[in-house]
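Structural overview
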Amino acid sequence: MKQILGDFSKLIKFRLTFLVVFSASITFLMGSKMQVARGDLPGIDWGNWLILIVGGFFVTAAANCFNEIIEKDLDKLMSRTKDRPMPAGRMTTGQGLVMGLVMGILGTWLLGKLNLETGLLSVFSILLYAFAYTPMKRKSPIAVFIGAIPGALPPLIGYLAALGHSTSFAPQDYNIAIILFLVQFVWQFPHFWSIAWVLEEDYSKAGFHLLPTGKPDKVSAMFIVVSAMIMIPVSLLPTIYGFGGFYIAAVSVIAGLVWLWYTIKLYQNMDLPSARKVMFTSFFYLPLVQLVLLFDFIT
């Protein structure tokens, strides 16, 4: 049983799936509070929140499952992925396909129960991640840009899911939804490029060269610095548009400056320890900012 659970966790990339669901659930709560403030809801619909979590989990797991089916032979070449169930031979691609289809259909159906937009975005996310981003990874660094789109959809999906079948969409709803998408979209560039830097040797075994120039050089490092720099003004958009306050502005600037400092050190040192600091900072940055934004939004 322990092996089965472990294989399932690797198949669906549990930590990545958890982060996706976390992002969506945070923005669902924000959208719900907006509805309550306008008088469209008497309170947060925790049943819909649970549907979002389960549906979002299945949709993300399905996308990751399809990704691993497509990359099974490539995963065998990399130390980081060779022990996943399909490349290790503990699961067939047929079994993975059935699981992916079941989770994808069930997850999409659940999210579609919240509203049509949420269901359609979930399908779009699966298709773009599995069938555009995945094959593009071996062809061009532009794959990071493509992958950043489905990667930024969870907060958008979560916020729209909170609106349910409401027809009273206010202009501010669209502003908030777009900004939530934009923050997570920009965050992914220094995040993924730092991962690509750290794993360059392993990635190259499978033909993945995801850094801007395809290799860890000064130009790629400068792209990481610039993307972290852009993250600071983008993270201030919630405050500028009035649904975030002092706390989120302060935390975003401080966290952004720390992250930027580590990217500058990477540019100066051009070494793996510096790249790891950029990568690990990105892991903490997003959930920290989202939690503070939720707190700021509610208060």
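To keep things clear, this report deals only with the structure shown in the data block.

Criteria and thresholds
- Residues numbered from 1 in each chain as written.
- Predicted model: local features only at pLDDT ≥ 70, side-chain atom pairs only at ≥ 80, totals over all residues.
- Heavy atoms only, no water.
- Helix = DSSP H or I, 4+ residues; strand = E, 2+ residues; numbered from the N terminus.
- Rg over C-alpha atoms; globule rule 2.2 N^0.38 Å.
- Buried < 20%, exposed > 50% of the residue type's maximum accessible area, 1.4 Å probe, protein only.
- Contact = heavy atoms within 4.5 Å.
- Axes fitted to C-alpha atoms, helices over the stretch in contact; angles between N-to-C directions.
- Parallel < 35°, antiparallel > 145°, perpendicular 65-115°, else oblique.
- Left-handed = near helix turned anticlockwise from the far one by under 90°.
- Nonpolar A, V, L, I, M, F, W, Y, C, P; charged D, E, K, R; others polar.
- Core = buried A, V, L, I, M, F, W, Y, C linked by side-chain atoms within 4.5 Å.
- Phe/Tyr/Trp six-rings, centres within 6.5 Å; stacked < 30°, edge-to-face > 60°.
- Lys NZ or Arg CZ within 6 Å of the ring centre and 35° of its normal.
- Salt bridge = Lys/Arg side-chain N within 4 Å of Asp/Glu carboxyl O.

1. Some points on the overall build of the protein
- Of regular secondary structure, the protein possesses 13 helices and zero strands.
- Traced from its N-terminal end to its C-terminal end, the protein shows the element sequence α-α-α-α-α-α-α-α-α-α-α-α-α.
- For the protein, whose C-alpha radius of gyration is 19 Å, the value lies close to the compact-globule estimate of 19 Å for 299 residues.
- Its C-alpha atoms put the protein at 55 × 45 × 30 Å along the principal axes.
- Taken over 299 residues, the protein has a buried fraction of 52%.
- Taking as baseline every contact in the protein between residues at least 6 positions apart, the subset at least 24 positions apart corresponds to 75%.

2. So, the packing of helix α6 (residues 116–136) against helix α7 (residues 143–162)
- Where α6 meets α7, the axes come as close as 9 Å, and the angle between the chain directions of the two elements is 165°. With respect to their mutual orientation, α6 and α7 come out roughly antiparallel. Pair α6 / α7 crosses with left-handed handedness. Between α6 and α7, the contacting residues are Glu117, Thr118, Leu121, Ser122, Phe124, Ser125, Leu128, Tyr129, Ala132, Tyr133 and Met136 on the first element and Ala143, Ile146, Gly147, Ile149, Pro150, Leu153, Leu156, Ile157, Leu160 and Ala161 on the second.
- A breakdown of the residues in the contact of α6 with α7 according to their chemical character gives 16 nonpolar, four polar and one charged.

3. Describing the nonpolar core
- If you look at the biggest cluster of nonpolar residues, it comprises 84 residues, and the most contacted ones within it are Leu52, Tyr203 and Met231.
- Top element by residues in this core is helix α8 (residues 171–198). It accounts for 15 residues.
- Ignoring any residue separated from it by four or fewer positions in sequence, one finds Met231 in contact with Val183, Val186, Trp187, Trp259 and Tyr285.

4. Focus: the packing of aromatic side chains
- Scanning the model with the defined rule gives 18 aromatic pairs in all.
- Considering the side-chain rings of Phe189 and Trp193, the 5.4 Å spacing of their centres and the 55° angle between planes classify their relative orientation as tilted. Remark: Trp193 and Phe189 occur in helix α8; sequence separation between them is four residues, near one turn of the helix. Of the two residues, Phe189 and Trp193, both sit in the buried class.
- Summarising the aromatic geometry, the rings of Trp259 and Tyr285 are spaced 5.0 Å apart at their centres and angled 35° between planes, so their arrangement reads as tilted. With a gap of 26 residues between them, Trp259 in helix α12 (residues 246–269) and Tyr285 in helix α13 (residues 272–298) connect regions that are remote in the sequence. No difference in accessibility class separates Trp259 from Tyr285, as the two residues are buried.
- Among the aromatic residues, those joined into a ring-pair cluster are Phe145, Phe181, Phe185, Phe189, Trp193 and Phe223.
- In this structure, Lys218 packs its charged tip against the face of Tyr267, placed 4.1 Å from the ring centre.

5. Re the pattern of salt bridges
- Inspection of the entire model under this criterion finds six salt bridges.
- A salt bridge links Asp73 to Lys76; its shortest N-O distance comes to 3.7 Å.
- Looking at Lys76, the relative accessible area reads 43%, which means it is partly exposed.
- What you see here is one network of salt bridges that share partners, running through Lys10, Asp83 and Arg90.

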